[in-house]
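So you can see what is in the structure, the chains are spelled out below.
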Amino acid sequence: MNEELSNKLKELKNEDKKLINTGKKLFEKIGHTEFTLFCFSVLNRTINLNRGYITLVEDGNYIAAAPLVRLNLDSLLRIFASIQSEFDIEVFANKVRHGTKIRDISHHKNIKHKLTDTKLVKLLKEIKGFKWVDKIYDAGSGYVHLSNQHFYSSIRIKESEKVEAIIRKTDEFVTDEEKIAGTFYMIQSSRGIRIFIEDILESL
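Residues numbered from 1 in each chain as written. Predicted model: local features only at pLDDT ≥ 70, side-chain atom pairs only at ≥ 80, totals over all residues. Heavy atoms only, no water.

**Student:** I'd like a rundown of the packing of helix 3 (residues 34–58) against helix 6 (residues 89–97), residues and numbers included.
**Tutor:** The relative placement of two packed helices is expressed as an angle between their axes plus a distance between the axes. Interaxial distance between helix 3 and helix 6 falls to 7 Å at its minimum, and their mutual angle equals 60°. The pairing of helix 3 with helix 6 is recorded here as oblique in orientation. Of the two possible hands of crossing, helix 3 and helix 6 adopt the one that is left-handed. In this structure, helix 3 contributes Glu-34, Phe-35, Leu-37 and Phe-38 to the contact, and helix 6 contributes Ile-89, Glu-90, Phe-92, Ala-93, Asn-94, Val-96 and Arg-97. Grouping the amino acids of the contact of helix 3 with helix 6 by side-chain chemistry returns seven nonpolar, one polar and three charged. (Axes fitted to C-alpha atoms, helices over the stretch in contact; angles between N-to-C directions. Helix = DSSP H or I, 4+ residues; strand = E, 2+ residues; numbered from the N terminus. Parallel < 35°, antiparallel > 145°, perpendicular 65-115°, else oblique. Left-handed = near helix turned anticlockwise from the far one by under 90°. Contact = heavy atoms within 4.5 Å. Nonpolar A, V, L, I, M, F, W, Y, C, P; charged D, E, K, R; others polar.)

This is the structure we're talking about:
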């Protein structure tokens, strides 16, 4: 395995303890609340998405791992939504637990604007250090839905008139650069989730 990719995967593995520690800080600070339950569900999802991603990449199955980049971003957007909502974080969490879709909740600055994924991405990318979310939202969606990303993961154009195509259990046509980038953004989403939860705790 590429050394840089191996190092990035180790960095992603190290997120586990940090995510668990964030959960401990949360419980110690505010105890058993609706927002605690909401955050625990996000933290648990993130740890397991990270674990699944690592397993798949190490098994040479980046094609199955790639959609998880978008799912991790989805978790980050959910945490971010809790502080953009028309409601306080406890009411927001309660509504989500009882089935209210986040896209049906309004933005706290303008109730005419709903917290759709597109709106959340637009808001989040304006925050320093999160400009990358726009790119990953679009690229990640391309892996969730059949698109040109899947085309180039199974087909390689070697010359103008020579094409190689494969149908087998491998990701050999996916470049190391793409795998490294995907792993980097998994880490960024995981970190972002921790940052927002801990920032919320500091504000309480």
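**Student:** Go over a negative patch on the surface, please, and point to the residues and values.
**Tutor:** A grouping of Glu-3, Glu-4, Asp-176 and Glu-177 is seen on the molecular surface, where their side chains present a negatively charged patch. Elements that contribute at least two residues to the negative patch include exactly helix 1 (3–13) and helix 10 (176–203). Structurally, Glu-4 is set in helix 1. (Patch = residues over 30% accessible without salt bridge, like charges linked within 9 Å, V, L, I, M, F, W, Y side chains within 5 Å. Areas by Shrake-Rupley, 256 points an atom, 1.4 Å probe, with all protein chains shown as cover. Salt bridge = Lys/Arg side-chain N within 4 Å of Asp/Glu carboxyl O. Lys, Arg positive; Asp, Glu negative; His and termini not counted. Charge placed at Lys NZ, Arg CZ, Asp CG, Glu CD.)

**Student:** Could you give me a rundown of the packing of helix 2 (residues 15–30) against helix 3, with the residues and numbers involved?
**Tutor:** Contact geometry of helix 2 with helix 3 gives a least axis separation of 10 Å together with a crossing angle of 175°. Relative to helix 3, the element helix 2 is oriented roughly antiparallel. Between helix 2 and helix 3, the residues in contact are Glu-15, Asp-16, Leu-19, Ile-20, Gly-23, Leu-26, Phe-27 and Ile-30 and Phe-35, Thr-36, Cys-39, Phe-40, Leu-43, Thr-46, Ile-47 and Asn-50, respectively. Taken together, the residues of the contact of helix 2 with helix 3 break down into 10 nonpolar, four polar and two charged.

**Student:** Kindly report on the side chain of Asp-74, identifying the contributing residues and their values.
**Tutor:** Relative to the helices and strands, Asp-74 is located in helix 5 (residues 67–82). Those residues in contact with Asp-74 that sit more than four places away from it in its chain are Arg-45 and Asp-117.

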